[in-house]
Amino acid sequence: MTSLVGGGKGSAIGRRLNFEVQTFKADHWVIEESLATEEEARALATKLLPNRDGVRIIRDFAGVPGKPATETIIFSEMREAKGKTIAVQPVDDSPVCAESKDYLEAESRQTISKLLRQYLEDKALTASELLYNAAEMKRAINFENLVPTAVGRVATIQGKVTGQDVRERRDVIYSSLTDLRGKAEEAQKRASFSVKQDGFRGALDKVEALCNGDVAEADYLSKVILCRDLVQIRNLLGKVEWLLESAGDAAQNKAAHIHIIDTLVADASSFQSVIQDLLGRQPDLGTALGRMLDMVEGKFEPTEREMAPPIAKVLSQWLGMGHAPQTYQVVLEAFLRSLRGTAPLSRDPERNRTSFTNLVARVMTPTGLFGGSRMADALTNGYLRFIEQGGGEGRRMSIEGVMGLMPAWRDRTLYLAELAGGDVGQREMDTVVARLRNCLSMERDVNSMVGLQVPLKPKMQAMASLYTAINNAQLPDDVRPGMADRIDEMVASYILQAKVIERLDDPSASLRIRATRLMQFAANDVLSSPKARRMVRDQIVGLLRQPNFDGKFVEGLSTPQEQANALRQFYGLLRQAQFM
């Protein structure tokens, strides 16, 4: 996924004058290199042209600090188009769809996107547009041997799962495609309105009125009318821009409408070129991956140098606020695919390991490993770029290498727990278990696992997420309980030795403050291990058994409303902690 990167050699960032060599791909220009001299740029353009659809050179002058850069096209040439071979792409697995409607689900649409990637990129279409637009489905079916090849490939994969004969499974798939095409044709006849004519909310409100409260039918018909407009936009990034601009502020939309937008944006975002365009110009792959994390976390603010489209910030906000879970998974998968690859993270070989270390630190959080088992797998495979060995030996060395980049024993332990659920961990389970035993040896305690200087709450949160990860890990049944108990014992011992309960339940404080502190400490994200929770629960129960607890709890609060609110909040915490 090196094409996520926009820019040339590392020194290009500091130069005031650069010559960008760009090549034409499908419907947009992609940056190949950013060079210091025009002679170098022209030499590279001449070399690339025989194998590209087109090449151009942009003279990029940074100009006076504080003012925008000036860009001038000094060379542009398109190669005479030749007949392209559009082939069905290989896939390792495919969801088994029992009904026609199952083909409209996220996993199925992503499989279609992978299988027909070359066709979809060539036509600037998405999987949803094939499924919800009868005319585009017909064109795809009639395009050479594309659909028969794809159906045959999927039928072979699915037949191994269902036990069906390949021909029988193929007939089932064709029957579903016929049903979907017929349904799309019928839906287009029912809805003569469009988003361009009636506006996003106006069109979808008309759909809801037409469907008389049938939520599933309204969802389907809404996508039909949106895809009718989408097929007119022959640019994949343009589809994302139109969808998000049409929808406007997510907070002003119904949940059902947000889901519809998410479905269609996810399909468009599944193309590598769209992710690249959203990120703008990036100096290297490591930086691009960091910016992808910014995007899914809702923190993507395009810089002037990146020249990312304004819609990238809007999409990032949707992702960060949880409005677009399907698109979130698509972008995350693109991140994982690049992380586990072999492409250099930096154009400076000496910075490759530093870039990888920074990414490791970024994805390891107090609440757990971002991305879970898939991230642990990607980190382990990604570390292989630094070692020569392959096979089992390479995997084991990679596990050791990733652990070596994590200074805290808690982080190493959590990484191994998540790794157990991935492909690498399942293959190297003996190594995973052995390293976990060392991480959780009797000489370890909470301070050595997390760090002596870490404050109490984040320290407990880190151990709580570790306990949860181990307790849910796909470890052998005779191993997992003992390891979870070991963490529970560590936390309980720390609470006793550090006199945590005594510090929280200070007799000099009011009963309300004491009880509230204990309840906040008992929250699931702070304290998850059972023995430690019992210790805090017993202390809280002791307070609750005091005569006239409610009266003492609200002492000092002047109005009945304040008293009622305080008691309601406290008993809410009790229920949340499952102490009631």
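The structure this text deals with has already been given above.
For the structure given in this document, a descriptive report is provided here. Bear in mind that the values here come from a model prediction, so they are computed numbers and not experimental data.

Each helix and strand in the protein chain was counted, giving 30 helices and six strands. By principal-axis analysis of the C-alpha atoms, the protein chain measures approximately 85 × 65 × 60 Å. Of all 580 residues assigned to the protein chain, the portion counted as buried reaches 51%. In the protein chain, 65% of the contacts between residues at least 6 apart in sequence involve partners at least 24 apart. As displayed, the protein chain offers around 27200 Å² of accessible surface, 50% of which is attributable to carbon and sulfur atoms. Counting 75 positive and 75 negative side-chain charges, the protein chain places the centres of these two groups 2 Å from one another.

In a packed pair of helices, the relevant descriptors are the angle between the two axes and the axis-to-axis distance. One can describe the packing of helix α27 (residues 511-521) onto helix α28 (residues 530-544) by two numbers: an axis separation of 10 Å at closest approach and a directional angle of 155 degrees. Classified by the angle between their axes, α27 and α28 sit roughly antiparallel to one another. For the pair α27 and α28, the crossing hand works out as left-handed. Facing Leu511, Arg514, Ala515, Leu518, Met519 and Phe521 of α27, the residues of α28 in contact are Val536, Gln539, Ile540 and Leu543. The residue makeup of the contact of α27 with α28, split by class, is eight nonpolar, one polar and one charged.

So, on to the packing of aromatic side chains. This structure, assessed with the given rule, holds 11 aromatic pairs. With centroids separated by 5.3 Å and ring planes inclined at 70 degrees, the aromatic side chains of Tyr383 and Phe386 adopt a geometry described as edge-to-face. For the residue pair Tyr383 and Phe386, the accessibility class agrees, reading buried in each case. Ring geometry for Phe549 versus Phe553: centroids 5.6 Å apart, planes at 35 degrees, classification tilted. Linking Phe549 with Phe553, this pair stays in helix α29 (residues 549-553), spanning four residues, or about one helical turn. The buried category is assigned to Phe549, whose relative accessible area is 5%. When its relative accessible area of 2% is taken as the criterion, Phe553 is described as buried. The structure contains a cluster of three or more aromatic residues connected by ring pairs, namely Phe549, Phe553, Phe570 and Tyr571. Seen from the ring of Tyr220, Lys183 lies directly overhead, with NZ or CZ sitting 4.1 Å from the centre.

This structure, assessed with the given rule, holds 32 salt bridges. We note a salt bridge from Arg167 to Asp165, for which the minimum N-O separation is 3.3 Å. A residue is classified by how much of its surface remains accessible, and Asp165, at 37% relative accessible area, is partly exposed. Across the salt bridge formed by Lys299 and Glu297, the nearest N and O atoms sit 3.3 Å from each other. A relative accessible area of 28% places Glu297 in the partly exposed class. Taken together, the salt bridges that share partners define one network made up of Arg291, Asp294, Glu297, Lys299, Glu306 and Arg362.

Our focus in this paragraph is the pairing of strand β1 (residues 17-25). The pairing of β1 with strand β3 (residues 54-61) spans seven bridges and is antiparallel. Within β3, the residue paired with Glu20 across the bridge is Ile58. Here β1 pairs with strand β2 (residues 28-35) via seven bridges, running antiparallel. Pairing of Gln22 across the sheet is with Ile31, part of β2.

Next up on the list: the side chain of Thr413. By the secondary structure assignment, Thr413 is in helix α20 (residues 409-419). Judged by its relative accessible area of 0%, Thr413 falls in the buried class. Here the side chain of Thr413 touches Trp409 through a polar contact of 2.7 Å, landing on its backbone oxygen. With residues near it in sequence (within four places) discarded, Thr413 still touches Leu436, Cys439, Leu440, Met449, Leu466 and Ile470.

Membership of the largest hydrophobic core comes to 170 residues, with the highest contact counts inside it found for Phe335, Met375, Tyr415 and Phe521. Leaving out residues up to four positions away in the same chain, Met375 has contacts with Leu332, Phe335, Leu336, Leu339, Val363, Leu369 and Phe370.

The subject of this paragraph is helix α15 (residues 311-320). Here α15 has its buried residues at Ile311, Ala312, Leu315, Ser316, Trp318 and Leu319. End-on view of α15: buried residues confined to an arc of 160 degrees, all on one side of the axis. At its buried positions, α15 is contacted by α11 (236-247), α12 (255-269), α13 (272-279), α14 (285-296) and α16 (325-339). Positioned one or two residues after α15, Gly322 has a phi angle of 80 degrees, which is positive.

What follows deals with unusual backbone geometry. The phi torsion at Asn212 lies on the positive side, around 50 degrees, for a residue other than glycine. Locating Asn212 in the fold gives a position in the loop between α9 (200-211) and α10 (215-230). When its relative accessible area of 70% is taken as the criterion, Asn212 is described as exposed. Positive phi outside glycine occurs at Met307, with the angle close to 55 degrees. By secondary structure assignment, the location of Met307 is in the loop between α14 and α15.

The subject of this paragraph is the environment of Arg79. Relative to the helices and strands, Arg79 is located in the loop between β4 (70-78) and α2 (106-115). Residues Arg79 and Gly54, 25 residues apart in the sequence, show an inter-C-alpha distance of 5.4 Å. The residues contacting Arg79, other than those within four sequence positions of it, are Leu49, Pro50, Asn51, Arg52, Asp53 and Gly54.

As a further point, take the side chain of Thr126. If you trace the backbone, Thr126 turns up in the loop between α3 (117-123) and α4 (127-132). The buried category is assigned to Thr126, whose relative accessible area is 3%. Within the local environment of Thr126, its side chain forms a polar contact with the side chain of Glu129, the two groups lying 2.9 Å apart. Residues contacting Thr126, with those up to four places away along its chain left out, are Leu120, Leu236, Lys239, Asp267, Ala268 and Phe271.

Definitions and limits used
- All residue numbers refer to position in the chain's written sequence, counted from 1.
- In view of the model being predicted, local features appear only for residues whose pLDDT reaches at least 70, and side-chain atom pairs are presented and counted only at 80 or more, with totals across whole chains, interfaces and linings using the full set of residues.
- Neither water nor hydrogens contribute to the side-chain values; these are computed over all heavy atoms in the structure.
- Numbering of helices and strands runs from the N terminus, with a helix taken as a DSSP run of H or I at least four residues long and a strand as a DSSP run of E at least two residues long.
- In this scheme, a residue with accessible area under 20% of its type's maximum is buried, one over 50% is exposed, and one in between is partly exposed, where area comes from a 1.4 Å probe on protein chains only.
- The contact definition used throughout considers only heavy atoms, calling two residues in contact when any of these lie within 4.5 Å.
- Under the convention used here, a 1.4 Å probe and the Shrake-Rupley method define accessible areas, while residue burial counts only the protein chains that appear.
- For this count, His and the chain ends are skipped, Lys and Arg are scored as positive, and Asp and Glu as negative.
- By convention, charge coordinates are those of NZ in Lys, CZ in Arg, CG in Asp, or CD in Glu.
- Simply put, an axis is a line fit to the C-alpha atoms, just over the touching stretch for a helix, and the angle between two N-to-C directions goes from 0 to 180 degrees.
- Each angle is binned into one of four classes, with values under 35 degrees roughly parallel, values over 145 roughly antiparallel, values of 65 to 115 roughly perpendicular, and all other values oblique.
- Crossing handedness: left-handed means the near helix sits turned counterclockwise from the far one by under a right angle, and right-handed means the same turn made clockwise.
- When residue character is reported, Ala, Val, Leu, Ile, Met, Phe, Trp, Tyr, Cys and Pro are called nonpolar, Asp, Glu, Lys and Arg charged, and the others, Gly included, polar.
- Side-chain rings of Phe, Tyr and Trp, where Trp is taken by its six-membered ring, are said to pair if the distance between their centres is within 6.5 Å; with planes under 30 degrees apart they count as stacked, over 60 as edge-to-face, and otherwise as tilted.
- Remark: a charge is flagged as sitting over a ring if the NZ atom of Lys or the CZ atom of Arg is within 6 Å of the ring centre and within 35 degrees of the ring normal.
- Salt bridge, as used here, is a side-chain nitrogen of Lys or Arg placed within 4 Å of a carboxyl oxygen of Asp or Glu.
- At least two DSSP bridges between two strands are needed for those strands to be called paired.
- Polar contacts here mean pairs of N or O atoms no more than 3.5 Å apart (in protein, one a potential hydrogen donor and the other a potential acceptor; neighbouring residues in sequence count only if both atoms are side-chain atoms).
- Residue types Ala, Val, Leu, Ile, Met, Phe, Trp, Tyr and Cys, when buried and joined through side-chain atoms within 4.5 Å, form a set referred to as a nonpolar core.
- This arc describes the spread of directions from the helix axis toward the C-beta atoms.

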